[in-house]
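Close look at the chain arrangement
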Amino acid sequence: MSTHNKRFLVTLLAVIMTVMMLLPACSGSGGGSASVDNIQQNVTVGKRVFVDKSGVVYFGYENFICSALFKDGEINDFVVEGATTGRIYGIAIYDDAMYIAASDGLFSYPLAMFTGEDKNASPTTVCKDGLESYNHFEIFEDKVFFTYGHSLYYVPVSGGDKQEIADEVYDFEVSDKGIYIAERDGEMKIMSPDLDDDKDAGSIAKEVKFTVGGPDLLYRDGSKLMAYSVQKEESEEIRTENGLNEYMVAWSNGTNYLYQDAEYKTHLVTKDGEKDIEDVNNYPDKSYGYQYGDYLVSTSHQYTKMQLFDLANGTYKEYDLDKEMAQYLSRIKGGDSNPEPQTEPQTGGDYDVMKSFMRNASSDGKEQYMYFNDFLLVLPNDSDIGFEGKGDSVDILCIPAKNEGYAGKLVTIRAYDMNDDSYKNLPNYHVAGVGQNVQKRFIAIYPTDLQFGPNSKAKYDELHDIVYKIQEGSPDSPLQTADSSPAP
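The paragraphs below set out a description of the structure included in this document. Position numbers for residues count from 1 along each chain, tracking the sequence in the order it is written. In keeping with the predicted nature of the model, local features appear solely for residues at pLDDT of at least 70, side-chain atom pairs appear and are counted solely at 80 or more, and the whole-chain, interface and lining totals rest on all residues. Each side-chain value is derived from all of the structure's non-hydrogen atoms; neither hydrogens nor water enter the calculation.

Details of the pattern of salt bridges
Any two side chains of opposite charge can pair, so long as their charged atoms come close to each other. Here, a salt bridge means any side-chain nitrogen of Lys or Arg that lies within 4 Å of a carboxyl oxygen of Asp or Glu. Scanning all chains against the criterion turns up 15 salt bridges. With a shortest N-O distance of 3.1 Å, E233 and K199 are connected by a salt bridge. With E233 in the loop between β20 (224-229) and β21 (234-238) and K199 in strand β17 (residues 198-203), this pair connects stretches of sequence that are 34 residues apart. Burial status follows relative accessibility: with a 1.4 Å probe on protein chains alone, a residue under 20% of its type maximum counts as buried, one over 50% as exposed, and anything between as partly exposed. E233 sits in the partly exposed class, given a relative accessible area of 42%. For D382, the salt bridge is made with K459, and the minimal N-O distance between the two is 2.6 Å. Of the two residues, D382 sits in the loop between β32 (375-380) and β33 (385-390) while K459 sits in helix α6 (residues 457-467), which places them 77 residues apart along the sequence. Residues D382 and K459 agree in their burial class; the two are buried. In this description a helix means any DSSP run of H or I spanning at least four residues, a strand means any run of E spanning at least two, and both kinds are numbered starting from the N terminus.

Some details on the sheet that holds β33
If you trace the five strands from one edge of the open sheet to the other, you get β33-β34-β35-β37-β36, paired in antiparallel fashion. At either margin of the open sheet sits one strand with a lone partner, and together these are β33 and β36 (429-434). Strand-to-strand twist across the sheet, computed as the mean angle between neighbouring axes with direction ignored, equals 20°. Note on definitions: a residue-residue contact is assigned when non-hydrogen atoms from the two residues lie within 4.5 Å. Convention adopted: a line fitted to C-alpha atoms gives each axis, helices being fitted over their contacting stretch, and angles between N-to-C directions are expressed from 0 to 180 degrees. Along the sheet, α6 contacts β33, β34 (393-398) and β35 (409-417); its crossing angle with β35, the most-contacted strand, is approximately 30°. Two strands are counted as paired when DSSP detects at least two bridges linking them.

Let's talk about the nonpolar core
Here the nonpolar core consists of buried residues drawn from Ala, Val, Leu, Ile, Met, Phe, Trp, Tyr and Cys, with membership extended through side-chain atoms lying within 4.5 Å. The biggest cluster of nonpolar side chains holds 56 residues, and the ones touching the most others in it are F59, M98 and M306. In contact with M306, not counting residues within four places along its chain, are V49, V57, F59, I75, F78, V297, S298, T299, K317, E318, Y319 and L321. Core analysis: the second largest hydrophobic core is formed by 42 residues, Y316, V411, I413 and L463 among them.

As for the packing of aromatic side chains
We call Phe, Tyr and Trp rings a pair once their centres come within 6.5 Å, taking the six-membered ring for Trp, and we label the pair stacked below 30 degrees between planes, edge-to-face above 60, and tilted otherwise. Under the counting rule described, the total for this entry stands at 20 aromatic pairs. Ring geometry for F309 against Y316: centres 4.8 Å apart, planes inclined by 50°, an arrangement best described as tilted. Accessibility classification places F309 together with Y316 in one group, the buried group. Pairing F372 with F387 gives two aromatic rings, centres 6.0 Å apart and planes at 85°, and the pair type is edge-to-face. Here F372, found in strand β31 (residues 367-372), pairs with F387, found in strand β33; they are 15 residues apart in sequence, far enough to count as distant. Joined through ring pairs, the aromatic side chains of F372, F375, F387 and F442 make up one cluster. Charge-over-ring placement is defined geometrically: NZ (Lys) or CZ (Arg) within 6 Å of the ring centre, and within 35 degrees of the ring normal. Taking NZ or CZ as reference, K143 lies 5.7 Å from the ring centre of Y154, over its face. A cation over a ring is seen here: K162 above Y153, with NZ or CZ 5.2 Å from the ring centre.

Quick notes on the sheet that holds β31
A sheet is described by the order of its strands in space; here four strands give the open sequence β30-β31-β32-β38, paired in antiparallel fashion. Two strands in the sheet have a free side with no partner beyond their single neighbour: β30 (358-361) and β38 (479-481). Strand after strand, the sheet turns through a mean of 20° between neighbouring axes, direction not considered. Two elements, β31 and β32, share six bridges in a ladder whose sense is antiparallel. Bridge pairing in β32 places E367 opposite P380.

Re the side chain of E81
Along the polypeptide, E81 turns up in strand β5 (residues 74-83). Exposure remark for E81: the relative accessible area of 0% places this residue in the buried category. Pairs of N or O atoms within 3.5 Å make up the polar contacts considered here, provided that, within protein, one atom can donate a hydrogen while the other can accept it, and that residues adjacent in sequence are counted only when both atoms are side-chain atoms. Engagement of the side chain of E81 in a polar contact is seen with the side chain of S67, the distance being 2.7 Å.

Below you can see the structure in the form of structure tokens.
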């Protein structure tokens, strides 16, 4: 584990002083200079990026734990602090530990590991289930809240089995007054902080994602921007000159409102009118952005960029993480220092989806046959289709979307052991088939967050319509198991 003691000592000192002064813990909208009351003063929010009260920016870069310094409206001094065994989806600091949501579980890392104060300190598993890549987590009163599938769970910060507290959940936000839940059918509920009671808060809109704007919860209703007042327990429309993009969330420092329109243009609503923000290449979805006072810090879907929005003045900056961290990453990947990147554990032992992989075109050149370990994908012979395989799964990709800076994931095919039905908790999947030569059940997992940009949307939609037909028993399914594979 790599250590940068000065930076983590600053963080540890900030945590200690916070407790001594009886100030609230770091919040998903804390810090900075905004004076508007925040409903998450005592809530710690874990996202792709986290900013502590001393201005240290923590973020995941693949499986690396990284940090940078925020000062005077700039982010600089990017370093690698350590590494995990899985890809990092969320990061936060609560009390004296760093909490990391990765593809192989939720873990707690004592800050003493990084400062070197306790050589015997080691990470603990908070929850053995890997949080889905598009989700965030929130910590309140020693409980970690997160969604998995369509349910809302919590687990003690000390670890244990997850406890389900609500189902049919699309999104949530934790506050001192309770947990605000957006249900999939368009209803909102408020659960008491002690989790004993809940009450209806009325109808909002279907498939709503909340963001916190000072004293309000922001959400989209069609093309309208709505603000739910926690104090008044009612919603009102925030007037915008353009309709909201159906895929994007809005952000606010409590007085100004940042949003993207249907043409993927970015705007800031202020009391003096609306301002256009030019050249925004990576507008953040909910789990990618962290509010720090008047600033919004975010990372791109591919971990390669970091963005900084000034919500007070409407300015935007972007940082190239590959460039900023090149010296650290080259040294680590070269094996000259710890930590060394580790691969994710494979489901069911040594199963490798890429074993004996072949890729051939049909005789008429219209189709391509992609032979994986005991299953075949038959797709158009289109250079815009790519793939990335590792361990028990393979991602099928839309290359134009990746080239535009988005994840571009069309579908993930993952092999599950026959006695493992945990895939039933996934929000959007099809059972694709059962292996003939390996005892595996293949599951097609479809992303639920934004995977494409304005220039790649048409191609992505075209290819998505094809891969969404992957389903066991479907006559036009592009996936076939080994015994039914056609000859190329």
